[in-house]
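# A closer look at the structure
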Amino acid sequence: MQFTITNFLTSLKKPPILFPKPLNSKLSNLPESNSHRLTLSQTLQSETLEILEWPSLCKQLSSFTSTSMGFSAAQKAKIPLGQTPEESHTLLDQTAAAASVMKDSPQLDFSGIEDVSGILNSAVSGQLLTISELCAIRRTLQAAKRLFEKLELLANAGDCSERYLPLLEILKHCNFQVELEHKIGFCIDCNLLIILDRASDELEIIRSERKRNMESLDSLLKGVSSQIFQAGAIDKPLITKRRSRMCVGVRASHRYLLPDGVILNVSGSGATYFMEPKEAIELNNMEVRLSNFEKAEEIAILSLLTSEIAESEIEIKYLLDRILEVDLAFARAAYAQWMNGVCPIITSWGCDAINSSEEDYALSVDIDAIQHPLLLEPSLRSFSDVTSNSGNAVQLGNGNGTMTSPSLIGGASDYPVPIDIKIKCGTRVVVISGPNTGGKTASMKTLGLASLMSKAGMFLPAKNRPRIPWFDHVLADIGDHQSLEQNLSTFSGHITRICNILEVASKESLVLLDEIGSGTDPSEGVALSTSILQFLKDCVNLAVVTTHYADLSLLKEKDSQFENAAMEFSLETLQPTYQILWGSTGDSNALSIAKSIGFDINIIDRAQQWVEKLMPENQQERKGLLYQSLVEERNRLEAQARRARSLHAEILDLYHEIQNEAEDLDRRETALRAKETQQAQQEVKTAKSQLEVVIQEFENGLRTASADQFNSLIRKSEAEIASIVEAHCPRDAFSVGDTDTKSYTPQIGEQVHVKGLGRKLATVVEAPEDDETVLVQHGQIKVRVKKSNIRSIASSERNSATSSVPRIRLKRQGRQSKEFQGRPEAKKDEEVSYGPLVQTSKNTVDLRGMRVEEASYHLDMAISASGPYSVLFVIHGMGTGAVKERALEILNDHPRVVKYDQENPLNYGCTVAYIK
């Protein structure tokens with residue numbers, strides 16, 4: 001049975017419409033007030049995305065897309081944001097699944113997928129699709145099917161197939177229009193862009209008839225053209241087409257050779273006529289008719305295919321949307337790998353969803369070392385330089401739309417400065433203070449971007465596992481909203497926008513306000529700002545504001561729902577460190593900044609005088625001293641922590657060295673025992689054989705010797721036996737040269753023999769003392785021995801001993817720090833380390849509340865009980881000063897006290913004594 005296009009196209013029923021278009025819009029069903037609120041909400045969120053530079057971040061993401069649809073959506077910042085916590089969790093799961101695919105499969109083919117939505121719209125509007133447009137539909141359907149099959153193959157091949165489920169779920173319910181794709185492939189050759197003969201019986205018959213007619217016409221014209229050439233009417237046979245009809249060329253002077261022929265055209269010079277022979281007229285007429293029939297049949301075939309595509313418009317567009325989701329999931333995964341991103345944990349119900357039994361989860365926002373993604377871009381150019389050459393997303397990777405897993409060059413950058421965001425559960429308003437150019441606004445923008453990225457299923461450029469609530473709206477008032485067109489001043493612009501934010505915000509919203517209450521009278525600005533913050537704490541999930549008003553930092557003292565934070569400022573360099581000090585309040589440091597940039601010193605001095613007049617006396621100074629002391633204390637603790645880590649590492653290294661050398665000594669001892677046993681056995685065997693020879697000679701001599709020769713024979717044998725015994729008896733290495741040891745004085749670092757260690761060498765650590773003892777070291781062991789038990793080694797032995805000193809010992813000697821040199825045998829002029837100044841219960845004596853005599857007794861006992869080279873914290877308090885004076889007298893006169901530090905701003909009522 002012959003297969004025709006009509007049967008093929010009509011064999012399929014019209015597919016059901018899975019996703020019908022809504023009849024009415026959402027806004028038309030809402031009351032006017034709700035419609036206004038929804039419109040205002042959309043406007044504010046759109047403006048917030050611009051303020052937080054969300055479009056710029058989406059353009060970063062576009063470099064990692066693999067289809068033109070994904071590239072366009074990212075460039076226009078139309079990537080999806082989760083409208084519910086569940087949607088955001090789904091997007092994050094898709095990103096994690098795409099990262100797993102990129103790890104397991106280096107390449108994922110997106111080539112062939114095109115944005116055919118315009119073609120679908122043309123088909124629905126009734127326009128006839130061209131062959132190239134139909135082939136674009138077919139290529140897209142084929143590529144989508146291959147992509148789904150590749151994901152299924154990966155899921156079935158691995159042991160952890162559930163990792164890929166989020167991606168498979170996207171394409172699981174898609175109709176890949178396999179039959180429609182087969183129809184197009186059956187009718188059209190997409191390589192040659194032609195309609196095939198098998199598309200219909202009529203087309204096949206028409207083309208067959210046209211082929212036979214053309215063969216007849218061509219044969220006729222070849223014969224006529226040969227006759228004309230033989231007659232000299234043309235230089236060479238010429239067959240051509242003029243006015244869609246086949247004809248021959250002939251000179252104007254020989255046109256009589258074609259009687260009744262039709263002139264179709266004349267050359268430009270008029271010398272050549274293009275004539276249709278009389279015999280070819282009917283054949284040409286047939287060719288024209290058949291050509292028209294063929295075009296009409298081809299149009300009918302294209303019309304049928306266009307109709308099929310129009311009927312499948314909804315399913316194909318749904319498939320394109322799902323392919324776009326997959327592409328964006330892989331783009332988010334590649335973007336995360338590019339910036340070393342980590343998957344955030346989204347909490348949907350704030351602290352209520354957190355297990356209260358886990359102390360680490362006492363924070364509603366817990367982000368470690370996050371970096372602003374836009375500021376991070378310059379330090380991660382190594383991969384973006386590669387992708388930027390492509391010009392669009394389709395060229396990412398190998399240039400043909402293949403998704404290639406990017407590899408990072410280098411580690412995470414220290415620029416921009418990473419910040420920690422720690423907000424406790426129950427906190428509703430965070431007030432950030434600090435200097436200008438200190439990073440307040442950038443930190444606030446970083447939090448806003450982190451919230452948007454989490455909602456969009458993107459990983460964060462942070463460390464560990466960031467924890468952040470889900471916010472339904474992120475609303476920001478950052479920058480200057482002055483507008484001459486709308487007659488708004490800077491203050492009016494801010495207040496207008498804050499008013500709109502308060503109208504839109506909900507219990508799950510994040511509100512970001514920069515320089516709240518600025519641009520007006522400070523007293524009124526503080527009052528208005530306080531009222532706004534009091535309102536925000538009851539109507540939003542979290543509000544973060546920046547300010548220079550110190551009064552706003554006092555709200556924390558009255559309400560636990562408020563929290564303070566300060567941008568750190570180095571008083572030494574007069575530069576901001578861009579770190580957030582949570583729970584602290586910061587100074588604006590305006591005068592310090594002005595002074596550092598070269599402001600007139602007279603202006604600075606007068607400004608300082610005004611500051612002192614406006615603030616209570618000594619309050620500013622004490623506040624500055626307290627802040628500075630806290631900073632110094634923190635720096636000191638950090639230094640001690642680094643020192644403790646260094647000591648711990650050195651101790652571990654020393655432990656491993658001792659352990660390795662002990663194992664080496666055990667191996668050497670076992671080998672030496674085996675060797676000595678073998679040598680002893682060999683010597684016994686040799687001595688036995690020598691004694692047997694002597695006995696044999698003695699017996700032979702007895703047989704032949706006379707009686708007077710017996711005594712001499714016996715003495716001879718005894719002498720030989722004595723020499724054999726003496727040769728095989730061990731000698732004491734110290735039996736020879738004992739007289740020389742009295743005059744021998746070992747030097748520091750010299751290799752010597754020590755009695756009791758056999759032939760093993762030891763190193764002299766200290767010169768001989770008055771008591772004729774020397775400190776030597778063998779391996780990890782130091783011991784003091786008598787000088788008489790030490791013998792020098794020969795020069796040849798010394799050379800070999802020097803070359804065989806274990807490297808481990810030399811390394812440790814060059815690495816010893818002051819902490820290990822503060823021992824009783826250290827040199828007197830050597831600097832001694834008393835360890836970290838960390839106060840504990842063991843190194844503290846509290847004299848408060850005691851009488852002078854009692855305090856003296858306890859202090860003396862504490863000094864006597866202290867270990868060498870330690871510190872003692874003496875707490876004497878302030879009081880009348882009698883105990884303090886007596887304590888200082890004892891510390892000044894006590895022989896074990898090297899020095900002492902009196903109280904300072906960090907240790908009021910406490911003196912630190914250094915014990916030797």
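Residues numbered from 1 in each chain as written. Predicted model: local features only at pLDDT ≥ 70, side-chain atom pairs only at ≥ 80, totals over all residues. Heavy atoms only, no water.

### Here we look at the overall build of the protein
Scanning the protein for helices and strands turns up 28 helices and 27 strands. Within the protein, the fraction of its 916 residues that count as buried is 39%. Carbon and sulfur atoms form 53% of the exposed surface of the protein, whose accessible area is close to 50900 Å². (Helix = DSSP H or I, 4+ residues; strand = E, 2+ residues; numbered from the N terminus. Buried < 20%, exposed > 50% of the residue type's maximum accessible area, 1.4 Å probe, protein only. Areas by Shrake-Rupley, 256 points an atom, 1.4 Å probe, with all protein chains shown as cover.)

### Some remarks on the state of the cysteines
In total, this model carries one disulfide according to the counting rule given. Here C135 engages in a disulfide with C190; their sulfurs sit 2.3 Å apart. When the S-S torsion is -95°, as for the bridge of C135 with C190, the disulfide is left-handed. Pair noted here: C135 is in helix 7 (residues 131–157) and C190 is in the loop between strand 2 (188–189) and strand 3 (194–195), with a separation of 55 residues, a long-range link. Owing to a relative accessible area of 16%, C190 belongs among the buried residues under this scheme. (Disulfide = S-S within 2.5 Å.)

### As for the packing of helix 7 against helix 12 (residues 313–338)
The description of two helices packed together rests on the angle between their axes and the distance between the axes. Direction vectors running N to C along helix 7 and helix 12 enclose 50°, while the axes themselves pass 11 Å from each other. By the angle between their axes, helix 7 is oblique relative to helix 12. Helix 12 is crossed by helix 7, and the crossing has left-handed handedness. For the pair helix 7 and helix 12, contact is made by T140, L141, A144, L147 and L151 and by L319, L320, I323, V326 and F330, respectively. Taken together, the residues of the contact of helix 7 with helix 12 sort by class into nine nonpolar, one polar and no charged. (Axes fitted to C-alpha atoms, helices over the stretch in contact; angles between N-to-C directions. Parallel < 35°, antiparallel > 145°, perpendicular 65-115°, else oblique. Left-handed = near helix turned anticlockwise from the far one by under 90°. Contact = heavy atoms within 4.5 Å. Nonpolar A, V, L, I, M, F, W, Y, C, P; charged D, E, K, R; others polar.)

### Remarks on the sheet that holds strand 24 (residues 844–846)
Strand order in the open sheet made by the four strands is 24-25-27-26, with mixed pairing throughout. Either end of the sheet is taken by a strand with one partner, and the two such strands are strand 24 and strand 26 (897–901). On average, each strand axis in the sheet is tilted by 25° relative to the strand beside it, whichever way the strands run. The pairing of strand 25 (residues 870–875) with strand 27 (residues 910–915) spans six bridges and is antiparallel. By the bridge assignment, I875 is partnered in strand 27 with C910. Of the strands in this sheet, strand 24, strand 25, strand 26 and strand 27 are in contact with helix 27 (residues 852–865), which crosses strand 25 at around 165°. Sheet strands touched by helix 28 (residues 882–893): strand 25, strand 26 and strand 27. Its angle to strand 26, the strand with the most contacts, is close to 145°. (Pairing = 2+ DSSP bridges.)

### Considerations on the pairing of strand 11 (residues 419–424)
Of the two faces of strand 11, only one is covered, namely that formed by I419, I421 and I423; the face formed by D420, K422 and K424 stays uncovered. Two elements, strand 9 (residues 363–370) and strand 11, share five bridges in a ladder whose sense is antiparallel. Paired with L363 across the two strands is K424, which belongs to strand 11.

### Comments concerning the environment of G881
Relative to the helices and strands, G881 is located in the loop between strand 25 and helix 28. By relative accessible area, which is 15% here, G881 ends up buried. For the pair formed by G881 and G909, sequence separation is 28 residues and the distance between their alpha carbons is 9.8 Å.

### Overview of the confidence of the model for the protein
Here the protein shows a mean pLDDT of 78. Residues at 70 or above account for 77%. A low-confidence stretch, residues 1–28 stays under pLDDT 50, and its non-local contacts, those more than four residues away or across chains, total 33 contacts. Across residues 482–487 the pLDDT falls below 50, and counting only partners more than four positions away or on other chains, this stretch makes four contacts in the model. (pLDDT = per-residue confidence, 0-100.)

### Notes on the nonpolar core
Ranked by internal contacts, the top residues of the largest apolar core, which has 101 residues, are W54, I188 and F330. If you look at the next biggest cluster of nonpolar residues, it comprises 24 residues, including I516, L536, V545 and Y549. (Core = buried A, V, L, I, M, F, W, Y, C linked by side-chain atoms within 4.5 Å.)

### Topic: the sheet that holds strand 9
Strand order in this open sheet of four strands is 8-13-9-11, and the pairing throughout is mixed. The open sheet terminates on both sides in strands that have one partner only, identified here as strand 8 (345–347) and strand 11. Here the strands of the sheet are splayed against their neighbours by 20° on average, with no regard to which way each runs.

### Re the pattern of salt bridges
In this structure the tally under the stated criterion is 30 salt bridges. The shortest N-O distance in the salt bridge between E287 and R210 comes to 2.7 Å. Taken as a pair, E287 in helix 11 (residues 281–311) and R210 in helix 10 (residues 201–230) lie far apart in primary sequence, 77 residues in all. Overall, R210 belongs to the partly exposed group, its relative accessible area being 23%. Here the salt bridges share partners, and the residues they tie into one network are D197, R207, R210, E287, E294 and E298. (Salt bridge = Lys/Arg side-chain N within 4 Å of Asp/Glu carboxyl O.)

### Regarding a nonpolar patch on the surface
The grouping of I597, F599 and I603 at the surface amounts to a nonpolar patch, some 310 Å² of accessible area in total. Mapped onto the secondary structure, F599 falls in the loop between helix 19 (590–596) and helix 20 (601–614). Relative accessible area serves as the criterion here: at 45%, F599 is assigned to the partly exposed category. (Patch = residues over 30% accessible without salt bridge, like charges linked within 9 Å, V, L, I, M, F, W, Y side chains within 5 Å.)

### Side note on the packing of aromatic side chains
If you walk through the whole model with that rule in mind, you get five aromatic pairs. Taken together, a centroid distance of 5.9 Å and an interplanar angle of 75° make the contact between F110 and F330 edge-to-face. Placement of F110 in the loop between strand 1 (107–109) and helix 6 (117–124) and of F330 in helix 12 is noted, with a sequence separation of 220 residues between them. With respect to burial, F110 and F330 carry one shared label: buried. Aromatic side chains F148 and F176 sit 5.3 Å apart centroid to centroid with 35° between the ring planes, which places their arrangement in the tilted category. On the criterion of sequence distance, the pair formed by F148 in helix 7 and F176 in the loop between helix 8 (165–172) and helix 9 (178–187) is long-range, its members being 28 residues apart. We note that F148, like F176, is buried. Aromatic ring contacts, followed pair by pair, group F64, Y335 and W338 into a single cluster. Over the aromatic face of F186 sits the side chain of R198, whose NZ or CZ is 4.7 Å from the ring centroid. Over the face of the ring belonging to Y914 we find K899, whose NZ or CZ atom lies 4.8 Å from the ring centre. (Phe/Tyr/Trp six-rings, centres within 6.5 Å; stacked < 30°, edge-to-face > 60°. Lys NZ or Arg CZ within 6 Å of the ring centre and 35° of its normal.)

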